Amino acid sequence: MNDAAENVGPTRTAAFEARLKKRYAAERRFKAIGLGAILFSVAVLIFLLVTMAMNGIGGFQRTELRVPVDFAATPVTVMPDTSDERTVVQSLERQGLRDIIEFSATQALGEEGAAQVNSEAWRLVAQQIAADPGLARGEQVFWLPTSEDLATAYAGDGSTDLQPLAQQLAADGLLADNFDFGFLKRSDATDPQLAGIWGALKGSILTMIVTLSLAFPIGVLAALYLEEYAPKNRWTDLIEVSINNLAAVPSIIFGLLGLAVFLWIFPSYRSAPLIGGMTLALMTMPVIVIAGRNAIKAVPPSIRDGALAVGASPVQVVFHHVLPLALPGILTGTIIGMARALGETAPLLLIGMRAFVASPPQGFTDNATVLPMQIFLWSDEIDRGFVERTSAAIIVLLVFLLLMNGLAIYLRNRFEKKW
Amino acid sequence: MVMSETTDSPIANPVNKSLENENIAHGEPKMRARGVDVYYGDKKAIDGVDIDVYTEYVTAFIGPSGCGKSTFLRALNRMNDTIPSARVTGTIELDGEDIYASGMDVVQLRARVGMVFQKPNPFPKSIYDNIAYGPKIHGLAESKPDLDEIVEKSLRRAGLWEEVKDRLADSGTALSGGQQQRLCIARAIAVDPEVILMDEPCSALDPIATAKIEELIDELRGRYGIVIVTHSMQQAARVSQRTAFFHLGHLVEYGHTSDIFTNPAEQRTQDYITGRYG
Amino acid sequence: MSASTLILLVLGLGLAGWLAARSRAAMFRRANDGRRIASLPVYHGWYAALWIVIPTLLFALLWSAISDQLVMQQVLASPAAAELPSFGIQRQTWLAEARAVATGAASGVFNPEAEGLVEPFREALTRYNIIGLVVTLLIALAGGAWAFLRLKPDFRAHTRVERTVLATLLIASLVAILTTLGIVASLVFETIRFFGMVNPIDFLFGIHWSPNPMTDGSNPDPERYGAVPLFWGTFFIGVVIAMIVAIPLGMMSAIYLNQYAAPRVRTWLKPALEILAGVPTVVYGYFAALTIAPAIRDIALKLGVENPSSESALAAGLVMGVMIIPFVSSMADDSIAAVPQAMKDGSLAMGATQNETIKRVLVPAALPGIVAGIMLAISRAIGETMIVVMAASATARLSANPLEAMTTVTYQIVANLTGEASMDSASTLAAFALGFVLFLVTLVLNIIALRIVKRFREAYE
């Protein structure tokens, strides 16, 4: 540096100002790239949600035909004392309800139209009558599901033969897409018009109960041990490494474990929520341990000292003071872990929870499937109806996950304490 | 360092008469602050400070903890901009230019007004790269030999060259605390600033390292305007020629260091330096 | 007698023991003229309850594990079982149906062949249920009696109970090690069996993969089990394509959120990323298969590519990359946030602009954490299953063309374990061997990454 530079600092020259312009341009570019990156993620998320919602709306609807049935002309009787739905449906079947519906459909829709009433439609009528025997008197109007072919034609896809018929019926007000509340109440079926997700949802609920009741106590107790009592030695290190590693092991590995160990011990509980829940519990437990340890760590030592100073035993200190204070944090972690387990598919695929389950499981040892698995199974179907049903099922799953995550965020904000 | 209330009687003119006269003798001050308030959110941390900084003198800010001396120091190169809630009003001029004016470029400002922090904060890079960082980002070196020269000169000025010349590729964080702080000073010197702000530069150092830094500050005087915030009155007395005493966000007194320590005009200054509080 | 009723019964007995022992201890106290007894009555209650519940629950666990086998043995020994096919899905279906009818879960069998098995099942189930129930009750009584006899005024129930609690905590933390051991054991065991049929060298270095699920273990064709195309496909989809998407986008998202975004913007954008991270992989898989893969195929056709695959590696890789973005972003965010503010101030005070500070100081300082985060992201990507099962292909191919169909390790694990093959066939065991390789690779990645993270945190604490 020469003397001139001493008088006018190198940072006050014209060249510096010119460089400064370039540096600011680089700054703006960099910031824009950052914003762009995050907006890209948000855009993908929105695109994904919109795609699912657009398809999913169709999945919550069902193409139905309007069929008036005159039970005055073709009477059926419902025994007043038979409360069991199954019996009523069987009795109605014997009384020829199927033919009555077919006859009424032909009258209302013509030969061609009647052929497109879903073959199981009579059963739905029978179930409605079982629920409300008053329906079997006088003339009633039923909206009956169509065949999958007509539903496809009505949506403007599929074979061109049926499309004129669909347009005709729709113009006459006999064919419409109605909100299908039953989608949330039925179970899997081979016909998308009759498929529902209650079976899978109930399977998910049962599985989650098993997972929670295993992973939560084990996770919390392990976290307490490691944070409060564990001596610093090799064994403790090994446990720590195990837990941290298990939290990052691919989920499919847990499926292999479940297949090799749990199904070997319980061969007849293949595809039962019990086994699925146990497998997912092993996967969720490390998440709870890690969240639990962080929550316990955040409880200030002064509280422990205070309790010890009044003569509490180490166990009392932990269960009376530390655990209650750490609980909100532990619960937040647990909910997040459970949300992950709820959305998990791969390990359950391996332990066989991919069965076709047409009726909801009644217990922890019944054959069952879970919501994400149902999505996977339906996604393999090529019918247009299943594409929509899949998206609708995804919406249901996402709603559950959002609720759980929302609850976790709420808990975190509500109970988060700064010590 | 948030001030609660500033109910003390406002100080009309804290600047000593003798200094007023000196202004003429020494020409324009390098930096001039007038009526500076600093707020954190709604809380006022600095209230109406007027001060002048000269290249010829080391200026020391003293005062009890939380008095706002560091806050004011950070206002001088707009480091307070990095704290979202901080707000500065009043004027601070560098060579007659208002540094908070919209035309003032903060990058250029900070290149002209360097800063050394309380805790040594070398970057996790080699010693060489720590020094070369400023010249590189500001494009001050045309070539590698240029850069080498800047690095050597800066290290020499900071009195670190002999100690590290054989291990310039070692990490800056591997040095001792005192060496790290001198590295940070060398880093600040490397962009040839006009003023160097030092925020309690010795508070994390042992006495021997502190002595070295103080020696260094004395050597740098005259070439750079130096403002040092310090906790230690002895240090202020040793290294500075001008001392400003801050209390509860106010500038209580500003004058010759010797005057402040031997013959303070304000009772509060007297109380502080005699150890009644602080 | 279902497991849940059994558990309820045990807990009920425990409660009874708790009440009885507590009131007995309270009596000691009264008899002692209100003088202190060694432990509070409530600890005597817990002592008795633990002695009842723990042994019975242990037995119940053991029993539920073995009774299923015992029932099955008895059924298979019955004459009706002789007509069962020797293996395969049919055998399992029949057994499951008969069992369902016998337990009352189903009202009738679907396959008439299963009808004959219902009665043997019912007999076996009743028999073992009764045995189980009786033994449970006996153990509960014995435990309760033992505990009850030991209650004395000077008995330190408190210490005993606390010791039990500590032991329980220790056992709970051992579950993690047991799980790891379980994983290793099951994988190693089956992998060794596989390597008995197929040379490990052929498996690890062979380049031809087309397992035949129909051959049984006695006659595998080692030529068909060369896993290199699988490793390549996994690497290409999960490491190359997915990381090209995830690393830049995740890093820049983290930098923007951490350094630029106003707090209000951050409170909206961060949860959006968290939602992206919370979307189940099956949804991503569906998205990839339904939307992205056809779109890529269409674009490739328009660009004049001949025969682009509708199961291209690109589709699976891109969607996987998007899935990983929030993961990389949150790890990078944490690492950058861990860099001390002093470091950033030091750079800003030199007159560095924000992006110079980020690129030259913050990111280099946070690099260990970021690298560890990327390693964990890779570990997650190569273990990701549903996206590749739904969007990638079954075709094993060594190719660097992202528009071609490729398969992955996880895809083949699923494909070979959900087919018709029996548990002993080479293709089933191959899936375990693939799982073992996957486990080892992710284990190494995880352990190195966790080490780096730990050291990184210590450096800045």
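Along every chain, residues carry numbers that run from 1 in the direction the sequence is written. Written order decides the labels, with chains lettered from A and ligands numbered from 1. Selection of residues for local features in this predicted model requires a pLDDT of at least 70, selection of side-chain atom pairs for listing and counting requires 80 or more, and totals for whole chains, interfaces and linings are taken over all residues. Side-chain numbers come from the whole structure's heavy atoms, not from hydrogens or water.

Trainee: Got a sec to walk through the overall build of chain B? Specific residues and values, please.
Mentor: Secondary structure follows DSSP: runs of H or I at least 4 residues long count as helices, runs of E at least 2 residues long count as strands, and numbering of each begins at the N terminus. Scanning chain B for helices and strands turns up eleven helices and ten strands. Surface accessibility in these figures is a Shrake-Rupley result with a 1.4 Å probe; residues are shielded only by whichever protein chains are displayed. Of the roughly 10900 Å² of accessible surface on chain B, 48% is carried by carbon and sulfur atoms.

Trainee: So what about the overall build of chain C? Which residues, and what values?
Mentor: Of the regular secondary structure elements, chain C holds 15 helices and zero strands. C-alpha atoms define the radius of gyration in this analysis, and the globule rule sets the expected value at 2.2 Å times the number of residues to the power 0.38. In summary, chain C has a C-alpha radius of gyration of 30 Å against a globular reference of 23 Å for 461 residues, an excess of more than 25%. Summarising its shape, the C-alpha atoms of chain C cover approximately 90 × 75 × 40 Å along the three principal directions. Looking at chain C as a whole, 50% of its 461 residues are labelled buried. Contacts: residue pairs with any heavy atoms within 4.5 Å of one another. In chain C, 71% of the contacts between residues at least 6 apart in sequence involve partners at least 24 apart. For chain C, the computed accessible surface area is about 20900 Å², with 65% contributed by carbon and sulfur atoms. Placing the 31 positive and 29 negative side-chain charges of chain C at their respective mean positions leaves the two points 18 Å apart. Partly exposed describes any residue whose relative accessible area lies between the buried limit of under 20% and the exposed limit of over 50%, with all areas from a 1.4 Å probe on protein chains only and scaled to the type maximum. Here Asp and Glu are counted as negative and Lys and Arg as positive; His is not counted, and neither are the chain ends. Here the site of a charge means NZ on Lys, CZ on Arg, CG on Asp, or CD on Glu.

Trainee: Please set out the interface of chain A and chain C residue by residue, giving values where relevant.
Mentor: Taken together, the contacts link 84 residues of chain A with 85 residues of chain C. Buried area between chain A and chain C, both sides added, is near 7100 Å², and the carbon and sulfur share of it is 76%. Considering only the surface of chain A that becomes buried against chain C, Phe30, Ile38 and Leu256 of chain A emerge as the three largest contributors, covering 9% of it. What makes a salt bridge here is a side-chain nitrogen of Lys or Arg within 4 Å of a carboxyl oxygen of Asp or Glu, nothing more. On inspection of chain A and its partner chain C, the count reaches one salt bridge. The term polar contact refers here to a pair of N or O atoms within 3.5 Å; inside protein, the definition further demands a hydrogen-donor-capable atom paired with an acceptor-capable atom, and it admits residues adjacent in sequence only when both atoms are side-chain atoms. Our enumeration of links across chain A and chain C arrives at nine residue pairs in polar contact (both at pLDDT 80 or more). It is helix H2 (residues 14-59) of chain A that contributes the most residues to the side of chain A that touches chain C, 21 residues altogether. Side-chain classes are defined by residue name, with Ala, Val, Leu, Ile, Met, Phe, Trp, Tyr, Cys and Pro counting as nonpolar, Asp, Glu, Lys and Arg as charged, and the others, Gly among them, as polar. Residue composition of the side of chain A that touches chain C, grouped by class: 60 nonpolar, 15 polar and nine charged. We define buried area as the total accessible area lost by two parts upon association, computed with a 1.4 Å probe and summed across both.

Trainee: Mind laying out the nonpolar core, listing which residues take part and the relevant values?
Mentor: Buried Ala, Val, Leu, Ile, Met, Phe, Trp, Tyr and Cys residues form a nonpolar core when they are joined through side-chain atoms within 4.5 Å. Among the nonpolar cores identified, the biggest contains 208 residues, and Ile253 and Phe376 of chain A together with Ile255, Tyr284, Ile324 and Ile413 of chain C are the most heavily contacted of them. Top contributing element to this core by residue count: helix H7 (residues 228-260) of chain C, with 17 residues. Beyond its immediate sequence surroundings of up to four residues, Tyr284 of chain C is in contact with Leu48 of chain A together with Leu276, Val279, Val319, Val322, Met323 and Ile387 of chain C. By size, the runner-up hydrophobic cluster in this structure holds 44 residues, among which are Ala60, Tyr128, Val151 and Ile226 of chain B.

Trainee: How would you sum up the environment of Gly233 of chain C? Please name residues and give values.
Mentor: Residue and element names in this part refer to chain C. With respect to the element layout, Gly233 can be found in helix H7. Expressed as a C-alpha distance, the spacing of Gly233 and Ile324, which sit 91 residues apart in the sequence, is 18 Å. If near-sequence neighbours (up to four positions away) are discounted, Gly233 is found in contact with Gly238, Met406, Thr407 and Thr408.

Trainee: Quick one: what's the story with the interface of chain C and chain B, residue by residue and with numbers?
Mentor: Contacts between chain C and chain B engage 17 residues on the former and 24 residues on the latter. Overall, the association of chain C and chain B removes approximately 1600 Å² of surface from exposure, summing both partners, and the carbon and sulfur fraction of that is 66%. Among the residues of chain C in contact with chain B, Ala349, Met350 and Arg360 of chain C are the three that bury the most area, contributing 40% of the side total. Taken together, the connections running from chain C to chain B amount to one salt bridge. Of the charged contacts in the structure, one is a salt bridge between Arg74 of chain B and Asp345 of chain C, with a shortest N-O distance of 3.7 Å. Across the contact surface, chain C and chain B share four residue pairs in polar contact (both at pLDDT 80 or more). Broken down by secondary-structure element, the contributors of at least two residues to the side of chain C that touches chain B are helix H11 (341-349) and helix H12 (354-383) of chain C. No other element matches H11 of chain C, which puts seven residues into the side of chain C that touches chain B. The residue inventory of the side of chain C that touches chain B, partitioned by class, reads nine nonpolar, five polar and three charged.

Trainee: Quick one: what's the story with the confidence of the model for chain C, residue by residue and with numbers?
Mentor: pLDDT measures how confident the predictor is about each residue, on a scale from 0 to 100. Averaged over all residues, the pLDDT of chain C equals 86, while 93% of them reach at least 70. The element-level mean pLDDT for chain C is lowest in helix H3 (residues 89-103) of chain C, coming to 75, with H7 of chain C highest at 95.

Trainee: Describe empty space enclosed by the protein, with residues and values.
Mentor: Residues and elements named next belong to chain B. The rule is simple: put a 1 Å grid over the protein atoms alone, call a set of points where a 1.4 Å probe fits but cannot get out a cavity, call an open set with protein on both sides within 12 Å along at least five of seven lines a pocket, and count a residue as lining if it has an atom within 4 Å of a point. Grid points are joined across faces, edges and corners, and a volume is the space filled by probe spheres set on the points. Enumeration according to the criterion identifies three cavities of 30 Å³ or more in this entry. A volume near 70 Å³ is recorded for the largest cavity. In this structure, the largest cavity is lined by eleven residues; those nearest its centre are Ile150, Lys153, Ile189, Ala190 and Asp192. A per-element tally of the lining of the largest cavity places helix H5 (residues 144-157) first, with four residues. By residue class, the composition of the lining of the largest cavity is seven nonpolar, one polar and three charged.

Trainee: An account of the domain arrangement of chain C is requested, with residue identities and associated values reported.
Mentor: Domain annotation of chain C identifies domain 1 (3-155) and domain 2 (222-459). Computed over C-alpha atoms only, the centres of domain 1 of chain C and domain 2 of chain C are separated by 46 Å. Where each domain starts and ends comes from a domain assignment, either automatic or drawn from a database.

Trainee: How would you explain the confidence of the model for chain B if you had to name every residue and give the values?
Mentor: For chain B, per-residue confidence averages 85 on the pLDDT scale, and 90% of positions sit at 70 or higher. Contacts for the low-pLDDT stretch residues 1-14 of chain B, under 50 throughout, to residues beyond four places or in other chains number 27 contacts.

Trainee: Mind laying out the packing of aromatic side chains, listing which residues take part and the relevant values?
Mentor: In summary, the pairing rule links any two rings of Phe, Tyr or Trp, Trp by its six-membered ring, whose centres are within 6.5 Å, and it sorts them by plane angle into stacked for under 30 degrees, edge-to-face for over 60 and tilted for everything else. What the rule picks out here adds up to 24 aromatic pairs over all chains. Both rings, one in Trp378 of chain A and one in Phe386 of chain A, keep their centres 5.7 Å apart while their planes meet at 40°; by these two values the pair is tilted. When sorted by exposure, Trp378 of chain A lands in the same class as Phe386 of chain A, which is buried. With a centroid separation of 5.6 Å and an interplanar angle of 45°, the aromatic rings of Phe61 of chain B and Phe72 of chain B are classed as tilted.

Trainee: Can you tell me about a negative patch on the surface, naming the residues and giving the values?
Mentor: Residues qualify for a patch when their relative accessible area is over 30% and they have no salt bridge, like charges being joined within 9 Å and the nonpolar side chains of Val, Leu, Ile, Met, Phe, Trp and Tyr within 5 Å. Together, Asp99, Glu102, Glu111 and Glu112 of chain A make up a region of like negative charge exposed at the surface. Turning to its location among the elements, Asp99 of chain A is positioned in helix H4 (residues 97-115).

Trainee: Lay out the sheet that holds strand S2 (residues 43-53) of chain B in plain terms, naming residues and giving numbers.
Mentor: All names here are of chain B. As summarised here, the arrangement of the four strands in space is S2-S1-S4-S5, forming an open sheet in which the pairing is antiparallel. If you trace the sheet from one side to the other, it starts and ends with S2 and strand S5 (97-98), each paired once. Strand direction decides the pairing type here: strand S1 (residues 31-40) and S2, joined by seven bridges, are antiparallel. Residue pairing for S2: Tyr39 is matched across the bridge by Lys44. Strand pairing follows a simple DSSP-based rule, namely that at least 2 bridges must link the two strands.

Trainee: Residues and numbers for a nonpolar patch on the surface, please.
Mentor: A grouping of Ile46, Val50 and Met54 of chain A is seen on the molecular surface, where their side chains present a nonpolar patch of about 310 Å² in accessible area. Relative to the helices and strands, Ile46 of chain A is located in helix H2.

Trainee: Can you tell me about helix H9 (residues 234-248) of chain A, naming the residues and giving the values?
Mentor: Between the first and last residue of a helix there are one fewer steps than residues, each counted as 1.5 Å, and that sum is the expected span. In a regular helix each residue adds 1.5 Å, so 15 residues correspond to 21 Å; H9 of chain A covers 21 Å between its end C-alpha atoms and thus fits that length. Along its buried surface, H9 of chain A packs onto helix H8 (198-229), helix H10 (251-265) and helix H11 (273-297) of chain A together with helix H5 (157-197) and helix H15 (426-459) of chain C. By the N-cap criterion, in which a side-chain oxygen at the helix start approaches the backbone nitrogen of a residue two or three places on, H9 of chain A is capped by Asn233 of chain A, the distance to Trp235 of chain A being 3.0 Å.

Trainee: How would you explain the sheet that holds strand S1 (residues 61-70) of chain A if you had to name every residue and give the values?
Mentor: All names here are of chain A. Ordered in space as S2-S1-S3, the three strands form an open sheet in which the pairing is antiparallel. Either end of the sheet is taken by a strand with one partner, and the two such strands are strand S2 (139-145) and strand S3 (175-179). Averaged over all pairs of adjacent strands, the angle between their axes in this sheet comes to 45°, without regard to strand direction. Bridge analysis of S1 against S3 gives five bridges, and the strand direction is antiparallel. Looking at the pairing, Leu65 lines up with Leu175 of S3. Axis lines are fitted through C-alpha atoms, for helices just across the contact stretch, and the angle between N-to-C directions can take any value from 0 to 180 degrees.

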